[in-house]
Amino acid sequence: MNSPSSPGALPRIALLAITRQGVALAVRLARHWPQATVCAPARWAAPLAELPNPRRIYEGALRGEIGPLLAAHEQMVCFVSLGAMVRLLAPHLKSKAEDPGVVVVDEAGRFAIAVLSGHVGGANEWAQRVAALLGAVPVITTASDVMGTLAVDILGREHGWRAIAPKENLTRAAACVVNGEPVAFVQEAGCLRHWWPHAAPLPANIRVFSRMADVPLDAFAAVLWATADAAAIQSEWWEKVKGRLVLYQMPFESSQTVNEKADRLTRSGDEGQNAARC
């Protein structure tokens, strides 16, 4: 069930282990996350008795546990081999918008692998959290992360941003970003640090504008538009940038238009576009 908790809140987590060593590793994580449900076979469940966590002890086949765990949780950390977990998950998968994040950890606790819903479901982030707690290596394979560029589908989510676009637009824009095609980012609200917190400069294919009217649309393969009032965007813009536009609705109470800041900086002699950096 992929219905993310509010920013800063811990999601509903399940820790699934099927061997003695896997249970020992799950117990280590459970001590840090007392709200997490720990699932293990009855044969190896004795160590769970000392935990305050909710417990799910099973006697039968593991495959019977997967559906209920996926339905009830937003994140799963599974001490199961990658191949076995893929086969167990396959019959239950729905879509990236619905599936929970799934992280797989090997028996020795050496690698924490983001397997399912790395971005929208948060598995990439949780692979890093798990790795930090176990002293493991996080394994993340999503293109935007390994290439050090922005993730279109979850941009600004930790600050309350909400992407508004057809699925096809999101997919196309994400592909443009990772393939180095020219992408315009129109930032009418918020700060650059809200969506580019890295110390490194922006990728060369992404150009920031403070007004949509300033964007030469024919020059860009995709347009990302952050605004405090997405509902006010006229339908003509969807036609002008057909198939290439992604809107981001920012929380009204935390937004301040870049244009206002640009005016102040322009009066002081700075470039207006620098206002996006706050």
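See the structure shown above.
Residues numbered from 1 in each chain as written. Predicted model: local features only at pLDDT ≥ 70, side-chain atom pairs only at ≥ 80, totals over all residues. Heavy atoms only, no water.

What about the pattern of salt bridges?
And then number 1: What the rule picks out here adds up to seven salt bridges.
And then number 2: Linking Glu-74 and Arg-12 is a salt bridge whose minimum nitrogen-to-oxygen distance equals 3.4 Å. Of this pair, Glu-74 sits in the loop between α2 (63-72) and β4 (75-79) while Arg-12 sits in the segment before β1 (13-17), and the two are 62 residues apart along the sequence.
And then number 3: Given a relative accessible area of 34%, Arg-12 falls into the partly exposed group.
And then number 4: Ionic pairing is found between Arg-56 and Glu-65, a salt bridge with its closest N-O pair at 2.5 Å.
And then number 5: A residue is classified by how much of its surface remains accessible, and Arg-56, at 31% relative accessible area, is partly exposed.
And then number 6: Here Glu-65 falls in the buried class, since its relative accessible area comes to 12%. (Salt bridge = Lys/Arg side-chain N within 4 Å of Asp/Glu carboxyl O. Helix = DSSP H or I, 4+ residues; strand = E, 2+ residues; numbered from the N terminus. Buried < 20%, exposed > 50% of the residue type's maximum accessible area, 1.4 Å probe, protein only.)

Thoughts on helix α3 (residues 82-89)
And then number 1: Those residues of α3 that sit buried are Met-85, Leu-88 and Leu-89. Each buried residue of α3 sits inside an arc of 95° when the element is viewed along its axis, so together they form one side.
And then number 2: Looking at the buried side of α3, the elements it contacts are β1, α2, β4, β5 (101-105) and β6 (111-116). (Arc of directions from axis to C-beta. Contact = heavy atoms within 4.5 Å.)

Comments concerning the nonpolar core
And then number 1: By size, the foremost hydrophobic cluster in this structure holds 29 residues, and its most contacted members are Leu-15 and Phe-79.
And then number 2: Listing elements by their share of this core, those giving two or more residues are β1, α1 (20-32), β2 (37-41), β4, β5, β6 and α4 (123-134).
And then number 3: Within the second largest apolar cluster, 23 residues are counted, among which are Leu-150, Trp-195, Leu-224 and Tyr-248. (Core = buried A, V, L, I, M, F, W, Y, C linked by side-chain atoms within 4.5 Å.)

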